[in-house]
Amino acid sequence: MSEHHYTTIDLPDIDRKSLPDCQVLIVDDEQSSRLVLSSIIDEFAQCHVVDDSSLVCQTCEDIRPDLILLDVNMPKKDGLTLCKELKSTANFADTPVIFVTGSADPHVQDNCWQAGGADFIEKPIVASTLVHRVKNALQNALRLSLLRELIFHDQLTELYNRYYLATEVPLLLKHAARDGDPFSVIMLDIDYFKGYNDTYGHIKGDACLKSVATAMNDNVKRPQDCVVRYGGEEFLVILPYTNRDGCISVGRELVEAVGSLAMTNSASPLGKVTVSAGFSACQPSQNTSIEQLIGEADKALFKAKSAGKNRLCG
Ligand SMILES: [Mg+2]
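What counts and how
- Residues numbered from 1 in each chain as written.
- Predicted model: local features only at pLDDT ≥ 70, side-chain atom pairs only at ≥ 80, totals over all residues.
- Heavy atoms only, no water.
- Donors = N, O, S within 2.8 Å, 3.2 Å for Na, K, Ca; no water.
- Domains from an automatic or database assignment.
- Contact = heavy atoms within 4.5 Å.
- Buried area = accessible area lost by both parts, 1.4 Å probe.
- Salt bridge = Lys/Arg side-chain N within 4 Å of Asp/Glu carboxyl O.
- Axes fitted to C-alpha atoms, helices over the stretch in contact; angles between N-to-C directions.
- Helix = DSSP H or I, 4+ residues; strand = E, 2+ residues; numbered from the N terminus.
- Parallel < 35°, antiparallel > 145°, perpendicular 65-115°, else oblique.
- Nonpolar A, V, L, I, M, F, W, Y, C, P; charged D, E, K, R; others polar.
- Pairing = 2+ DSSP bridges.
- Buried < 20%, exposed > 50% of the residue type's maximum accessible area, 1.4 Å probe, protein only.

### Considerations on the coordination of the magnesium ion
(1) Moving on: Protein coordination at the magnesium ion: the donors are Asp29 (OD), Asp71 (OD) and Asn73 (O), at 2.0 to 2.2 Å from the metal.
(2) Moving on: Site description for the magnesium ion: donor spacing in sequence, D-x41-D-x1-N.

Below is the structure:
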């Protein structure tokens, strides 16, 4: 009988969050209800409590919850409206919401599902049901985020991959267009990389790609920004909410950061590994496509290459 041999794949060094690290946001206008919920959930996850529905969006930005427990009936803004709002944002569309409701009315239950709720829990709270529903929702969220990490990353550099670019980045662009926010893209290419590979071999070439990738990732810090491995030695930096000035500043930092690695490349007249970069910055409309922005950044990259490399052009 033949044995099966499986190729070992190096998985990216991803952040494997566990249940005790999970952040649960509890939103309820009644103090007794907040106390009951938080004292039970505190036993296995990190709790944050908010009593005023108008503070929820800012709190979400601050703590990035893995799960939200939302009271249906609240003054100012009710839970259903709040849930719909969160579901329409880029950052929290996928964050599971469990409604907490004192009403067993089928109409209210249906409204919870329609608003985008993942589940609901009835008041008075049954501790065991709360624990199991919350744990299930968190485990599902953790599994989903692990899966997303795995399918969206390039194995060698651990940067985002083309699949992420094709599936997720267009959504970021749509959100920016809808919110009237600027959007920028930088395309970078390692200078004289073919010469580097020919001189030092492909194993050193891979190590060079990794170092450049890490340098770029370290300089792109906001949560929505991302670095994509676009091709062999080509990278894309996606900068939502970033205008032309911001983009130029990030682009210059990236060119500088790679040069500062001071990795020898005898195939380059500069004697070291450098990158050229081209950018495209715009105020997107609903018709703006990511391909269009990449095309413009690519043209600008060509200008940077023609003008002597190791620089940023727009
Ligand atoms: Mg209430």
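### Observations concerning the domain arrangement of the protein chain
(1) Moving on: In terms of domain boundaries, the protein chain breaks down into domain 1 (19–152) and domain 2 (162–313).
(2) Moving on: Relative to domain 2, the C-alpha centre of domain 1 lies at a distance of 37 Å.
(3) Moving on: Listed by partner, the interface residues are eight residues for domain 1 and eight residues for domain 2.
(4) Moving on: Together domain 1 and domain 2 conceal approximately 650 Å² of surface at their shared face, both sides included; 56% is due to carbon and sulfur atoms.
(5) Moving on: Summed over the three residues of domain 1 that lose the most area to domain 2, namely Ser88, Ala90 and Phe152, the buried surface amounts to 61% of that side.
(6) Moving on: The tally of links between domain 1 and domain 2 comes to one salt bridge.

### Re the packing of helix H8 (residues 193–200) against helix H9 (residues 202–218)
(1) Moving on: Closest axis-to-axis distance for the H8/H9 pair is 7 Å, and the angle between their directions is 135°. Judged on the interaxial angle alone, H9 and H8 are oblique. Along the contact surface, H8 presents Phe193, Tyr196, Asn197 and Tyr200, while H9 presents His202, Lys204, Gly205, Cys208 and Leu209.
(2) Moving on: Broken down by class, the residue content of the contact of H8 with H9 amounts to five nonpolar, three polar and one charged.

### Observations concerning the sheet that holds strand E4 (residues 97–101)
Within a sheet, neighbouring strands are paired by backbone hydrogen bonds and run either parallel or antiparallel to one another.
(1) Moving on: The strand order across the open sheet formed by five strands is E2-E1-E3-E4-E5, and the pairing between neighbours is parallel. For this open sheet the edge positions go to strand E2 (46–50) and strand E5 (119–122), each flanked by a neighbour on one side alone. For this sheet, the mean inter-axis angle between neighbouring strands, taken without regard to orientation, is 20°.
(2) Moving on: In the sheet, strand E3 (residues 67–71) pairs with E4 via four bridges, with the strands oriented parallel.

### Structural notes on unusual backbone geometry
(1) Moving on: Across the junction of Lys123 and Pro124, the peptide omega takes the value -5°, indicating a cis bond.
(2) Moving on: Along the polypeptide, Pro124 turns up in the loop between E5 and helix H5 (127–152).
(3) Moving on: At Tyr192, a residue that is not glycine, the phi angle is positive and equals roughly 50°.
(4) Moving on: Its location among the elements puts Tyr192 in the loop between strand E6 (183–190) and H8.
(5) Moving on: A positive phi angle, close to 60°, is found at Tyr241, a residue other than glycine.
(6) Moving on: Its location among the elements puts Tyr241 in the loop between strand E8 (234–240) and helix H10 (244–260).
(7) Moving on: Overall, the relative accessible area of 32% leaves Tyr241 in the partly exposed class.

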